[in-house]
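# Structural description and commentary
One letter stands for each residue in the lines below.
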Amino acid sequence: MAISRAERFSPNSVDKDRAILQAVCCRLQAAGYADVRIESEAQAGEADVYVTMARCHETLAWLEERERQGCPVINSARGISLCCRRYDQMQLLEAHGVPVAPAQGGDGYWVKRGDMPAETQADVLFVPDWPSAVQARAAMLGHGAASVDVRAHVAGDLIKFYGVEGTGFFRCFYPGDDGQSKFGDEQRNGRPHHYAYDGAALQAAAEHAARLTATSVYGGDCIVRADGTFALVDFNDWPSFSRCRDAAAEAIAAVIIKRMQT
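First things first, this report covers the structure right here in the doc. (Residues numbered from 1 in each chain as written. Predicted model: local features only at pLDDT ≥ 70, side-chain atom pairs only at ≥ 80, totals over all residues. Heavy atoms only, no water.)

### Let's talk about the sheet that holds strand β6 (residues 124–127)
Strand order in the open sheet made by the three strands is β6-β5-β7, with antiparallel pairing throughout. Edge positions in the sheet fall to β6 and β7 (148–152), since each of these pairs with one other strand and no more. Each adjacent strand pair in this sheet contributes to an overall mean axis angle of 20°, direction not counted. The sheet contact formed by strand β5 (residues 109–113) and β6 spans four bridges and is antiparallel. In the strand pairing of β6, W110 is matched with F126. (Pairing = 2+ DSSP bridges. Helix = DSSP H or I, 4+ residues; strand = E, 2+ residues; numbered from the N terminus. Axes fitted to C-alpha atoms, helices over the stretch in contact; angles between N-to-C directions.)

See the structure below:
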């Protein structure tokens, strides 16, 4: 059973998220798995294997129970839940040496709701200085957020990366070149300079993050500074892969098939 993502968790990306799930299911069917179906989070029921983009708390709790009963779930419910809790996730990555955006800086701050994925632009705010960050954090907490992640803005080239852990599949794109954007926040870093950087090191950092978060199918954003160093500023469970959908679907299907055969 493939479980689609609720529309409120796909701001400006509903069709793209649906397309990657459909592409993966088509490849599973082509590989001989005839009983493959896509259900919404509300309609999900019993199955032997779950392929899921779900993010609702209730769905994840149910899938975690199915995992305890021995059912493969890709991505794992624990991993998805951790990716939804941005504050906890960033603390974990930082503690294990993954290069992430620093807590302090001189180019402004990003204030992001830390207890759930961003649903609207109000969940992700850029502010010019630390006092404004403190104020924005307090406002989010006052409006019901259980935690808020505050990170310094990193100047440099914004790169979006996509990967499937353990398969060798890894792709990078500059959104400043193709203009694709969810909330328009990518414009904050301006046109890319295409600074030189170590692609293998970025892939290794992303794969490390995937293992730490138990998120095999992943994507994220990083900033490459002028000196070639980089910082991960977002790490997400199962993105839309819209820039590399066909190749990603092949890699994801291969991971699912391997899990079903073990």
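The structure having been displayed, the exposition proceeds.
### Describing the side chain of K112
Looking at the element boundaries, K112 is found in strand β5. Here K112 falls in the buried class, since its relative accessible area comes to 10%. The contacts of K112, once residues within four sequence positions are left out, are R86, D123, V124, M140, V148, D149, V233 and D234. (Buried < 20%, exposed > 50% of the residue type's maximum accessible area, 1.4 Å probe, protein only. Contact = heavy atoms within 4.5 Å.)

### Here we look at the packing of helix α3 (residues 77–84) against helix α4 (residues 86–95)
Where α3 meets α4, the axes come as close as 5 Å, and the angle between the chain directions of the two elements is 100°. Overall, the two elements α3 and α4 adopt an arrangement that is roughly perpendicular. Taken together, the residues of α4 that come into contact with α3 (itself represented by L82, C83 and C84) are R86, D88, Q89 and L92. The residue makeup of the contact of α3 with α4, split by class, is four nonpolar, one polar and two charged. (Parallel < 35°, antiparallel > 145°, perpendicular 65-115°, else oblique. Nonpolar A, V, L, I, M, F, W, Y, C, P; charged D, E, K, R; others polar.)

### Points about the state of the cysteines
Evaluated as defined, the whole model comprises zero disulfides. Considering cysteine sulfurs only, C84 is the nearest to C83, which forms no disulfide, with 7.1 Å between them. (Disulfide = S-S within 2.5 Å.)

### Observations concerning unusual backbone geometry
In this chain, I74 is followed by N75 through a cis amide linkage whose omega measures -5°. Position of N75 among the secondary structure elements: in the loop between β4 (73–74) and α3. The phi angle at N12 is positive, at roughly 60°, despite the residue not being glycine. Mapped onto the secondary structure, N12 falls in the loop between β1 (2–3) and α1 (14–30). Of note in this structure, H194 is not a glycine but carries a positive phi near 60°. Structurally, H194 can be placed in the loop between α6 (175–178) and α7 (199–213). The exposure class assigned to H194 is partly exposed, which follows from its relative accessible area of 41%.

### Things to note about the nonpolar core
Judged by nonpolar contacts, the single largest core of 26 residues is most densely connected at I20, V24, W238, F241 and I252. In terms of residue count, the dominant contributor to this core is helix α8 (residues 245–261) (eight residues). Apart from residues lying up to four places away in sequence, I20 is in contact with M53, W238, P239, S240, F241, R245, A248, A249 and I252. (Core = buried A, V, L, I, M, F, W, Y, C linked by side-chain atoms within 4.5 Å.)

### What about the sheet that holds strand β8 (residues 157–164)?
The strand order across the open sheet formed by four strands is β9-β8-β10-β11, and the pairing between neighbours is antiparallel. Strands with a single pairing partner mark the edges of an open sheet, and in this sheet they are β9 (169–173) and β11 (230–237). The mean angle between the axes of side-by-side strands here comes to 20°, regardless of whether they run parallel or antiparallel. Relative to strand β10 (residues 217–224), β8 is paired through eight bridges, and the arrangement is antiparallel. Residue pairing in the sheet places I159 in a bridge with C222 of β10.

### A short note on the packing of aromatic side chains
Scanning the entire structure with this criterion turns up 10 aromatic pairs. Seen in terms of ring centroids, F169 and F241 are 6.3 Å apart; in terms of plane orientation they differ by 55°. Their pairing is tilted. Here F241 lies in the loop between β11 and α8 and F169 lies in strand β9, a separation of 72 residues in the sequence. For F169, a relative accessible area of 6% corresponds to the buried category. For F241, a relative accessible area of 0% puts it in the buried group. Cluster of aromatic residues (ring-pair linked, three or more members): F161, F170, Y218 and F235. (Phe/Tyr/Trp six-rings, centres within 6.5 Å; stacked < 30°, edge-to-face > 60°.)

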